[in-house]
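Observations on the three-dimensional arrangement
For reference, the chains in residue letters:
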There are 2 protein chains.
Amino acid sequence: MQTDIPKSKEIFKGLVFTNDERKIIDSKFQIVKVKKGDLILKAGDVVDSQYYILNGCLRSYHIDAHGKEHTIQFGINNWWISDYTAFFSTSKAVMTIEAIKNATLYKISRENLEDLYGQFPTIESYYRKKLENSFTVYQKRILAELSQSAKERYVDFITTYPEIEKSVKNYHIASYLGITTESLSRIRKELSK
Amino acid sequence: MQTDIPKSKEIFKGLVFTNDERKIIDSKFQIVKVKKGDLILKAGDVVDSQYYILNGCLRSYHIDAHGKEHTIQFGINNWWISDYTAFFSTSKAVMTIEAIKNATLYKISRENLEDLYGQFPTIESYYRKKLENSFTVYQKRILAELSQSAKERYVDFITTYPEIEKSVKNYHIASYLGITTESLSRIRKELSK
DNA sequence: CGAAAATTTGACATGACTCAACTGGAGTGG
DNA sequence: CCACTCCAGTTGAGTCATGTCAAATTTTCG
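So, a few notes on the structure that sits alongside this text. (Residues numbered from 1 in each chain as written. Chains lettered and ligands numbered in written order. Predicted model: local features only at pLDDT ≥ 70, side-chain atom pairs only at ≥ 80, totals over all residues.)

Regarding the overall build of chain A
Looking only at helices and strands, chain A has nine helices and six strands in total. Whereas a compact globule of 193 residues would reach a radius of gyration of roughly 16 Å, chain A reaches 18 Å, a difference of no more than 12%. Oriented by its inertia axes, the alpha-carbon framework of chain A measures out at about 55 × 35 × 30 Å. Here chain A holds 193 residues, and 31% of them are scored as buried. Across chain A, the fraction of contacts at a sequence separation of at least 24, relative to all contacts at a separation of at least 6, is 69%. (Helix = DSSP H or I, 4+ residues; strand = E, 2+ residues; numbered from the N terminus. Rg over C-alpha atoms; globule rule 2.2 N^0.38 Å. Buried ≥ 20, exposed ≤ 12 C-beta atoms within 10 Å, placed from the backbone. Contact = placed C-beta atoms within 7 Å.)

Next comes the structure, spelled out in structure tokens:
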């Protein structure tokens, strides 16, 4: 039975709960299995959930005015993914989230999450830390875009996220770095020397 | 007397407190006056405070490996400023914060802030919202850097932040947009036609 | 195996950078 | 009140990184 899987042990690894507490927490999450190519969220959708990634690989991307895709985030084991901008402001999604590989997710709604915040302060501070971390990661990315060449950013990417590199296509990486696949190809050729 | 200024009325405009509560809150903030050119934080410093800007204008910037400055944030009336990456992780500052104009700030230490969190849940959620907003702003900026030309980003900047444009030099804006002053000058010439 | 998808390559275009020189204004001091 | 300096902004010429478009090649996978 799916409901017997102790999701809280996966998700909140550092936190301590009693068995009864774990039952409550686990009941707030819903297992979602997606296949490669599936979209779990489309631009324009109402966003009322976020997703913990048990396994698999996903990416969230934005399609700009010229129809080009820009990857904002990849997600693998143990990461979270959603359109947070829309999730926070209860506005419509500007991002699309796609499974790059088959994946198993634990979905939680805003409502259930707020329930957990109320009952478990440690969960609220877990999410706060997560948000603070994401903020820091975003700031680093802004600085990287302002100060580094495409080549430097690519090298940083593959050294920082070797696990992600294994799971995604080069054109996904290009769309994360903000360059064309052709440019990425030339950078890779340069580096292989 | 400085301590009689009701800081909480400025800072937490939407929130309701009793007079006694306001006294407690106000006591956690310290008034700091800075002159144009002053640095309130330098890269390498320990960061244990954040600042509410009552008036004036500041910017936070990072100096990269080639010695170039990249402005991460401007701050004017009613905004907050700090090196949040360092503040959150209690690590050393990577940002420098400079007063662009004389300014009056309300400073709060991490310790005092955590006190307030404990006593006033509405303050904790005020800061959560603030963080969520900043996250959203950063995401927009990442997407702008990935998908827009320097000219488009400049136009966005001056329409989104007309108040800031008034207070800062063009070379500050250039360092925010990630372009040289020469390029910005050419963009402005183009637009003036 | 064969078709579709992903990547690479080539030729050329372009936006932004670099460096150096110049302009115009805002003080400042003789 | 002029000469001087400093600072911000502008302009010009040449360069470079990355983009565009088209075609060739390689990889993936049904």
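Having seen the model, we can carry on.
Considerations on the environment of Ser-8 of chain B
All names here are of chain B. By the secondary structure assignment, Ser-8 is in helix H1 (residues 7-11). Accessibility expressed as a C-beta count within 10 Å gives 23 for Ser-8, which makes it buried. Ser-8 sits 21 residues away from Phe-29 along the chain, and the two C-alpha atoms are 8.8 Å apart. Setting aside residues no more than four positions away along its own chain, Ser-8 makes contact with Phe-17, Arg-22, Ile-25 and Asp-26.

Digging into the environment of Tyr-127 of chain A
All names here are of chain A. Looking at the secondary structure, you find Tyr-127 in helix H5 (residues 121-147). We classify Tyr-127 as partly exposed; it has 15 C-beta atoms within 10 Å. Considering only alpha carbons, one finds Tyr-127 and Ile-24, 103 residues apart in sequence, at a separation of 18 Å.

Comments concerning the interface of chain B and chain A
In this assembly, 24 residues from chain B lie in contact with 24 residues from chain A. Broken down by secondary-structure element, the contributors of at least two residues to the side of chain B that touches chain A are strand E4 (69-75), helix H3 (84-89) and helix H5 (121-147) of chain B. No other element matches the 14 residues that H5 of chain B contributes to the side of chain B that touches chain A. Counted by class, the side of chain B that touches chain A contains nine nonpolar, nine polar and six charged residues. (Nonpolar A, V, L, I, M, F, W, Y, C, P; charged D, E, K, R; others polar.)

A few points about the protein's contact with DNA strand C
Looking at DNA strand C, there are 16 residues lining it, with Asn-170 and Ser-185 of chain A together with Ala-150, Ile-179 and Ser-183 of chain B nearest. Breaking the surface near DNA strand C down by element, the ones donating at least two residues are helix H8 (170-177) and helix H9 (181-192) of chain A together with helix H6 (150-160) and helix H9 (181-192) of chain B. No other element matches H9 of chain A, which puts six residues into the surface near DNA strand C. For the surface near DNA strand C, the class distribution of residues is three nonpolar, six polar and seven charged. (Near = placed C-beta within 6 Å.)

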